Amino acid sequence: MRLIIVKNYQELSLLGAERIAERITGSSRKKPFVLGLPTGSTPLGIYRELIRLHREGKLSFKAVITFNMDEYLGLSAGHPQSYHTFMEENFFRHVDIDRANIHILDGETGDPEGECAAYEEAIRAAGGIDLFLGGMGEDGHIAFNEPFSSLSSRTRVKTLTEDTRAVNARFFGGDMNQVPRAALTVGVGTVMDAGELLIAASGRNKARALRDAVEGAVSHRCPLSCIQNHPKATVICDEAAAAELDAGTAAYFKTLERDALERAALLRPAVPEQTGQVPGA
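Residues numbered from 1 in each chain as written. Predicted model: local features only at pLDDT ≥ 70, side-chain atom pairs only at ≥ 80, totals over all residues. Heavy atoms only, no water.

S.K.: Honestly, the pattern of salt bridges in this entry has me stumped. Any pointers?
M.R.: Pairing is possible between side chains of opposite charge, provided their charged atoms come close. Per the counting criterion, the structure on display carries 19 salt bridges. A salt bridge links Glu121 to Arg124; the shortest N-O distance between them is 3.0 Å. Highlighted residues: Glu121 and Arg124, both in helix H4 (residues 112–125), separated by three residues, approximately one helical turn. The class for Glu121 is partly exposed, based on a relative accessible area of 41%. We note a salt bridge from Asp212 to Arg221, for which the minimum N-O separation is 3.8 Å. (Salt bridge = Lys/Arg side-chain N within 4 Å of Asp/Glu carboxyl O. Helix = DSSP H or I, 4+ residues; strand = E, 2+ residues; numbered from the N terminus. Buried < 20%, exposed > 50% of the residue type's maximum accessible area, 1.4 Å probe, protein only.)

S.K.: When you look at the layout of surface pockets in this model, what are you seeing that I'm missing?
M.R.: Over the atoms a probe the size of a water molecule is rolled, and this reveals where empty space is left. Estimates place the volume of the largest pocket at around 850 Å³. If you go around the largest pocket, you meet 39 residues; those closest to its centre are Gly40, His141, Val167, Asn168 and Arg170. Only strand S4 (70–72), helix H3 (83–90) and helix H5 (162–168) provide two or more residues apiece to the lining of the largest pocket. Among the elements that take part in the lining of the largest pocket, H3 stands out by supplying five residues, more than any other. The residue makeup of the lining of the largest pocket, split by class, is 16 nonpolar, 16 polar and seven charged. The computed volume of the second largest pocket comes to approximately 400 Å³. For the second largest pocket, the lining is made up of 17 residues, of which Arg2, Ile4, Leu15, Arg19 and Glu257 are closest to its centre. (1 Å grid on protein atoms, 1.4 Å probe; cavity = no way out; pocket = protein on both sides within 12 Å on 5 of 7 lines; lining within 4 Å. Points joined across faces, edges and corners; volume = space filled by probe spheres on them. Nonpolar A, V, L, I, M, F, W, Y, C, P; charged D, E, K, R; others polar.)

Any link to function would need more than the numbers given here.
Below, the structure written as structure tokens:
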């Protein structure tokens, strides 16, 4: 696992977007790049930076397939608080992605279990998720896999805890009674199958969850602790989210990043010194 501690949310957003753009532009043209996406407040900055890169002509999503993590059960795609609406307003309508390549669970399905099974099959048919971007819940959940979710779980229907519904009530006019009681969500096992994980954590309210995920035991009490067992997981957090990490842990990862930057600088081709002489003179 790699932990990158940056100064603030702006740096987190820029670094996260750069990593995703690097993977998309560097992927094989023989198959589309398959990208897993979250909703929530944390990824908004990353989405804004990806949109900026696209508008500057540096990044295209024409060869990208996306799978979102979750959707509220019972909300239509057009509902103002559905994750279909969230993704459309904050990302999809701003880039050149092929609409046929967008996958989001259907909250209005009449067969939730069948919808979840079909979603898993669609991911397999796409060749698996190359990179899954994820956020972090205050209790260590990822997607709607809340504490004590199975770490081998697949896409399924999940009842939401009172805490999660209370946190999300701010999107429903502060009325928790308007927040759906269940959601369709990818499982922890689904997330862990991705070729790479990129987890973003910002703010002091995520500090305890980050500490448990990075320093604690791998446990279904903190579902995000599963990242410790992933062969290619990166967590990008700001100083506020890193506040409860042991000082030695923070220093260790900061040293690793500094050393990596120094090695990269040494490997960079030397730029010939400009002498002002005309070649061949």
